[in-house]
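What the coordinates show
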Amino acid sequence: LILIQNVMTPMKAALVLLVATPLHAAFVGTPALGRYAQTNVQTKALMNAASDVVDSFLSATERGDVEAAKAVCAADLLYKTHSATTVSLAAAEKRLHTKVPKPKAVNLELHEKSPGVFVREIIVKPVPFVTVGVRQEFEVRCTAPPEEECELSRAEYTKTSGGND
């Protein structure tokens, strides 16, 4: 006991309490924090589901797989490229038969720009001697939990640079 008293000065005791307090709060937490953490997990799951829809659409259009592309799209899909704009899945169906060139490089990885809006910037070579920069922007709508079904409502491809090499 005397050894502990000699080692444990009031200053050291205060430091020990300061260090231990955040640990205690991390383990106990408040009920509100528990609800926030649960909501945050649901938000991340929804964001992952929306991101998966975009990934599925990109993969399907690069393969020219119309059925797989249609499976993740809303009936009122806005599909806009340099060549045309369609405002329904039925109108876009013929265009989905054409394979979209796979990226030769990715300048900006796919990320969520704002809730439900995903963006990436890529470089494609649609034909030899032509290099084109493209900004791809996708909008995904999801139903409320617990179903959390998501569908692509907008796919917009904008040329940002390029032409003949």
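Above this text you will find the structure in question.
Keep in mind that this is a model prediction, so the values were computed, not measured. (Residues numbered from 1 in each chain as written. Predicted model: local features only at pLDDT ≥ 70, side-chain atom pairs only at ≥ 80, totals over all residues. Heavy atoms only, no water.)

1. Remarks on the nonpolar core
What counts is decided by this rule: The set of buried Ala, Val, Leu, Ile, Met, Phe, Trp, Tyr and Cys residues whose side-chain atoms join them within 4.5 Å is what this entry labels a nonpolar core. Relative accessible area decides the class of each residue, using a 1.4 Å probe on protein chains only: under 20% of the type maximum gives buried, over 50% gives exposed, and in between gives partly exposed. The helix and strand labels rest on DSSP assignments: H or I over at least four residues marks a helix, E over at least two residues marks a strand, and numbering proceeds from the N terminus. Residue contacts are defined here by distance: any two heavy atoms, one from each residue, within 4.5 Å place the two residues in contact.
By size, the foremost hydrophobic cluster in this structure holds 28 residues, and its most contacted members are Phe57, Tyr79, Phe138, Val140, Leu152 and Tyr157. At the level of elements, helix 3 (31-63), helix 4 (66-71), strand 1 (73-80), helix 5 (89-96), strand 4 (117-124), strand 5 (130-142) and strand 6 (150-164) are the ones that each hand at least two residues to this core. Looking at this core, the element that brings in the most residues is helix 3, giving 6 residues. The residues contacting Val140, other than those within four sequence positions of it, are Ala50, Val53, Val54, Gly116, Phe118, Cys150, Glu151, Leu152 and Ser153.

2. Some words on the side chain of Thr61
Relative to the helices and strands, Thr61 resides in helix 3. Overall, Thr61 belongs to the buried group, its relative accessible area being 2%. Residue contacts for Thr61: discarding those within four places in its chain leaves Ala69, Leu96, Thr98, Lys99, Val100 and Tyr157.

3. Points about the pattern of salt bridges
Stated precisely, the cut-off is as follows: For this analysis, a salt bridge means a side-chain nitrogen from Lys or Arg found within 4 Å of a carboxyl oxygen belonging to Asp or Glu.
Overall, the coordinates contain 13 salt bridges when judged by the stated rule. With a shortest N-O distance of 3.2 Å, Lys70 and Glu93 are connected by a salt bridge. Taken as a pair, Lys70 in helix 4 and Glu93 in helix 5 lie far apart in primary sequence, 23 residues in all. Given a relative accessible area of 28%, Glu93 falls into the partly exposed group. Glu137 is the partner of Lys113 in a salt bridge, and the nearest nitrogen-oxygen pair spans 3.8 Å. In this pair, Lys113 sits in strand 3 (residues 105-114) while Glu137 sits in strand 5, placing the two residues 24 residues apart along the sequence. The partly exposed category is assigned to Lys113, whose relative accessible area is 48%.

4. Brief notes about the pairing of strand 4
Convention followed: DSSP bridges decide pairing: two strands pair if at least two such bridges lie between them.
With 7 of its 8 residues buried, strand 4 lies for the most part within the structure. Hairpin connection of strand 3 to strand 4: 2 residues between the antiparallel strands, including Gly116 at a positive phi of 80°. Sheet topology note: the strand 4/strand 5 ladder contains 8 bridges and is antiparallel. Opposite Phe118, over in strand 5, you have Phe138 as the bridge partner. What sits between the antiparallel neighbours strand 4 and strand 5 is a turn of 5 residues, in which Phe129 has the positive phi angle 70°.

5. Quick look at unusual backbone geometry
With a phi angle near 70°, Phe129 is a residue other than glycine that sits in the positive phi range. Among the structural elements, Phe129 can be located in the loop between strand 4 and strand 5. Judged by its relative accessible area of 64%, Phe129 is exposed.

6. Considerations on the environment of Glu151
Mapped onto the elements, Glu151 comes out in strand 6. Judged by its relative accessible area of 32%, Glu151 is partly exposed. As a C-alpha pair, Glu151 and Val54 span 97 residues in sequence and 8.7 Å in three-dimensional space. Residues contacting Glu151, with those up to four places away along its chain left out, are Val53, Val72, Cys73, Ala74, Glu139, Val140 and Arg141.

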